[in-house]
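# Descriptive structure summary
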Amino acid sequence: MRGEAAGGLQRTPDPREGLTCGRSLGMLTAMNCLSLSRRAVRPRARGLKPGTWAAGLIWPLLALAAAPVPSPALPSGSSEHSEHHQQADAVQTLHGLGEPSSPASEPGGQRLAAPVSAEAPSFSGLPAVHSPPPAETPRLRFEPDGLGGFFFDTGVVRGRLHAGGASLGVTEAYHVPTGARLDQSKGLLSHYRVFANGRRFGHGAWDWPSTAHLLPDGRVEVRWADTNDRPFTLRARYQLSRPGILTVETLVEAHEVLRGFEVFLASYFDPAFTNAFVLAKGRAREGYVNATLDRGKWQMYPRDAAARALAEDGRWKLEPHPVSWTFPAELASGPTVRAFRRALDKGLLATFSAEAADCFAVATPHQTEAHFSTYLSLFGRTLAAGETARARVALIITGPAAPAAQ
């Protein structure tokens, strides 16, 4: 990849480089204000009020801070206008500044930090962007399909949930503006392997019997009851947070001590999603690590040394389908975990965002391996008997407003 730094990391854009016209205007404004501040300083001895004198010095700094930071190029065929608006909506939703269907707050619930796509590593300092209102109000609710599952169509993404009563996440998912398929196999945001106490509980949660019901606010709750062989109750609450944002909150109620508890959340993308990358640490700086074959067939990016030790405690040697992971890098520091899948030819980007406290690792095969999958390891800690824990993940889909011209 062009622009890779030491350690195979794509260098995170430096706000001091590639200044845009808006940045230049900010600099000019700052210089004008600096000129004014000098005039304010000179008459200080002639009795100028302290507040006025201080304002003259502060204004240049405010002008510089207000200058917009440039962002890298958007995906091919994307609209900068709609991309920034979609990301702004994601920030608002996941910070709890407004829910489209105003669901009741959960006791002890947590909000995600703002998701940031690979195309826009930072929105700090960017001016607000407002797109015109859609022709129709997005339908941000799941609807029963009469077959034990649910369907949805937000105008950006459509698909099914818990289709046929199966314990799966989102399947038959499409990007509505382009008609492009998003998923394959076991779908998106599906609960797969579950570990605790040195055990693996069956093959995967998608094989366990579950029930699903529609909540009054349009969310769906899937519930796996405890059994003699599973000393916990698992629940998943799916929500259409914005037209292009799906979130799932996973809750576990421990009925006995669960040491090293983990839920492995799986997403399988259409084969067009040939690029996989993770925001991770490098030898010199943090950046985007591409999941290329030279980094291993099956790659895991742990949060830190403790998270890697948990992943290497023997759980991944348990049948069926044991996995031998490579560990190319640790996740980037900070409160938010970010992982990505991109379909270059279709101009589509899938961004995963989760709190680092809830997600202790991201895993993926090399990016063109036939699974075309991304996995998030959730929880990664010991739960006391009677404790309820939760982890929230957002999946943001962005892309062009119409199919690319042939």
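Just so we're clear, the structure is a prediction, and the values are computed from it rather than from any experiment. (Residues numbered from 1 in each chain as written. Predicted model: local features only at pLDDT ≥ 70, side-chain atom pairs only at ≥ 80, totals over all residues. Heavy atoms only, no water.)

### Quick word on unusual backbone geometry
Keep this limit in mind: Helix and strand assignments come from DSSP, with helices taken as H or I runs of at least 4 residues and strands as E runs of at least 2, each series counted from the N terminus.
In the segment running from Glu-319 into Pro-320, the intervening peptide bond is cis, with an omega of 0°. Its place among the elements puts Pro-320 in the loop between helix H4 (305–311) and strand E18 (336–343). Its identity as a non-glycine residue notwithstanding, Asn-197 has a phi of 55°, on the positive side. In this fold, Asn-197 is placed in the loop between strand E8 (190–196) and strand E9 (199–200).

### Considerations on the environment of Ala-225
With respect to the element layout, Ala-225 can be found in the loop between strand E11 (220–224) and strand E12 (232–242). A C-alpha to C-alpha distance of 9.1 Å links Ala-225 and Trp-208, two positions 17 residues apart in sequence.

### Notes on the sheet that holds strand E7 (residues 180–181)
We apply this condition: A strand pair is defined by DSSP finding two or more bridges across the two strands.
Across the sheet, which stays open at both edges, the five strands sit in the order E3-E4-E5-E6-E7 with antiparallel pairing between neighbours. Only two strands of the sheet have a single partner each, and these edge strands are strand E3 (143–144) and E7. Alignment of strand E4 (residues 150–153) against strand E5 (residues 157–161), held across four bridges, turns out to be antiparallel. Note on E5: the bridge partner recorded for Phe-150 is Leu-161.

### Structural notes on the nonpolar core
Defined as follows: Throughout this description, the term nonpolar core refers to a set of buried Ala, Val, Leu, Ile, Met, Phe, Trp, Tyr and Cys residues connected via side-chain atoms within 4.5 Å. Whether a residue is buried, partly exposed or exposed follows from its accessible area with a 1.4 Å probe, protein chains only, as a fraction of its type maximum: under 20%, in between, or over 50%, in that order. Any two residues whose heavy atoms approach within 4.5 Å at even a single point are treated as in contact.
Ranked by internal contacts, the top residues of the largest apolar core, which has 61 residues, are Leu-189, Phe-232, Val-252, Phe-261, Leu-378 and Val-393. The contact partners of Phe-261, leaving out residues within four places of it in the chain, are Val-194, Phe-195, Ala-196, Phe-232, Val-252, Leu-378, Phe-379, Gly-380, Arg-381 and Leu-383. One finds Tyr-192, Trp-206, Ala-266 and Ala-361 within the second-largest nonpolar core, a separate group that totals 20 residues.

### Quick word on the sheet that holds E9
Ordered in space as E9-E8-E14-E21-E20-E17, the six strands form an open sheet in which the pairing is antiparallel. Single-partner strands in this sheet number two, and they are E9 and strand E17 (298–302). In terms of strand pairing, E8 meets strand E14 (residues 258–268) through four bridges, oriented antiparallel. Following the sheet pairing, Phe-195 is matched in E14 by Glu-262.

### Things to note about the pairing of E11
Where burial is concerned, most of E11 is hidden: four out of the five residues are buried. A loop of five residues connects strand E10 (residues 211–214) with E11, the two strands running antiparallel in sequence, and Gly-218 in this loop sits at a positive phi of about 100°. With five bridges joining them, E11 and E12 adopt antiparallel strand pairing. Within the sheet, the bridge partner assigned to Glu-221 lies in E12 and is Arg-237.

### Structural notes on the packing of aromatic side chains
Formally: Each pair of aromatic rings taken from Phe, Tyr and Trp, with Trp reduced to its six-membered ring, is defined by centres within 6.5 Å and is described as stacked if the planes are under 30 degrees apart, edge-to-face if over 60, and tilted in the remaining cases.
In this structure the tally under the stated criterion is 20 aromatic pairs. Both rings, one in Trp-316 and one in Trp-325, keep their centres 5.2 Å apart while their planes meet at 90°; by these two values the pair is edge-to-face. Trp-325 shares its class with Trp-316; the two are buried. Members of the aromatic cluster, each reached through a chain of ring pairs, are Tyr-192, Phe-195, Trp-206, Phe-264, Tyr-268, Trp-298, Trp-316, Trp-325 and Tyr-375.

### A look at the confidence of the model for the protein chain
The line we're drawing: Each residue gets a pLDDT score, which is the predictor's confidence in that residue and runs from 0 to 100.
Residues with a pLDDT of 70 or more make up 66% of the protein chain, whose mean pLDDT is 77. A low-confidence stretch, residues 1–8 stays under pLDDT 50, and its non-local contacts, those more than four residues away or across chains, total 14 contacts. A low-confidence stretch, residues 10–135 stays under pLDDT 50, and its non-local contacts, those more than four residues away or across chains, total 182 contacts.

### Considering the pattern of salt bridges
In plain terms, the rule: Within this document, salt bridges are pairs made up of a side-chain nitrogen of Lys or Arg and a carboxyl oxygen of Asp or Glu, the two lying within 4 Å of each other.
Within the structure shown, the criterion is met by 17 salt bridges. A salt bridge links Glu-262 to Arg-315; the nearest nitrogen and oxygen atoms lie 2.8 Å apart. Here the residue Glu-262 occupies a position in strand E14, and Arg-315 occupies one in the loop between H4 and E18, the gap between them amounting to 53 residues. Owing to a relative accessible area of 1%, Glu-262 belongs among the buried residues under this scheme. Take Arg-315: its relative accessible area is 6%, and that puts it in the buried class. Arg-381 is paired through a salt bridge with Glu-387; the nearest N and O atoms lie 3.0 Å apart. A relative accessible area of 36% means that Arg-381 is categorised as partly exposed. Taken together, the shared-partner salt bridges in this structure form one network comprising Glu-221, Arg-235, Arg-237, Glu-249, Glu-253 and Arg-390.

### Here's the deal with empty space enclosed by the protein
Spelled out, the test is: A cavity, in this analysis, means grid points on a 1 Å lattice covering only the protein atoms where a 1.4 Å probe fits yet has no way out; a pocket is instead an open set bounded by protein on both sides within 12 Å along at least five of seven lines, and a residue lines either one if it has an atom within 4 Å of a point. Grid points are joined across faces, edges and corners, and a volume is the space filled by probe spheres set on the points. When residues are grouped by polarity, Ala, Val, Leu, Ile, Met, Phe, Trp, Tyr, Cys and Pro land in nonpolar, Asp, Glu, Lys and Arg in charged, and all others, Gly among them, in polar.
Tallied over the entire structure, the rule returns one cavity of 30 Å³ or more. If you add up the space inside the largest cavity, you get close to 30 Å³. Lining the largest cavity, in full, are Ala-276, Phe-277, Val-278, Ala-339, Phe-340, Val-362, Thr-364 and Thr-374. Sorting the residues of the lining of the largest cavity by element identifies strand E15 (275–280), E18 and strand E20 (359–365) as the ones contributing at least two each. A total of three residues in the lining of the largest cavity trace back to one element, the largest contributor, which is E15. Residues of the lining of the largest cavity, tallied by class, amount to six nonpolar, two polar and no charged.

### Here we look at the side chain of Ser-210
Our working rule: Under this definition, polar contacts are N or O atom pairs within 3.5 Å; protein pairs additionally need one hydrogen-donor-capable and one acceptor-capable atom, and for neighbouring residues in sequence, both atoms have to be side-chain atoms.
Within the secondary structure, Ser-210 is located in the loop between E9 and E10. Residue Ser-210 is classed as buried on the basis of its relative accessible area, which comes to 17%. Within polar-contact distance, the side chain of Ser-210 engages the side chain of His-162 at 2.9 Å. Not counting the four nearest positions on each side in its chain, Ser-210 is found in contact with His-162, Ser-167, Val-222, Arg-223 and Trp-224.

### What about the pairing of E12?
Counting buried residues in E12 gives eleven out of eleven residues, a clear majority hidden from the surface. In the sheet, E12 pairs with strand E13 (residues 245–254) via ten bridges, with the strands oriented antiparallel. Bridging across to E13, Phe-232 finds its partner in Ala-254.

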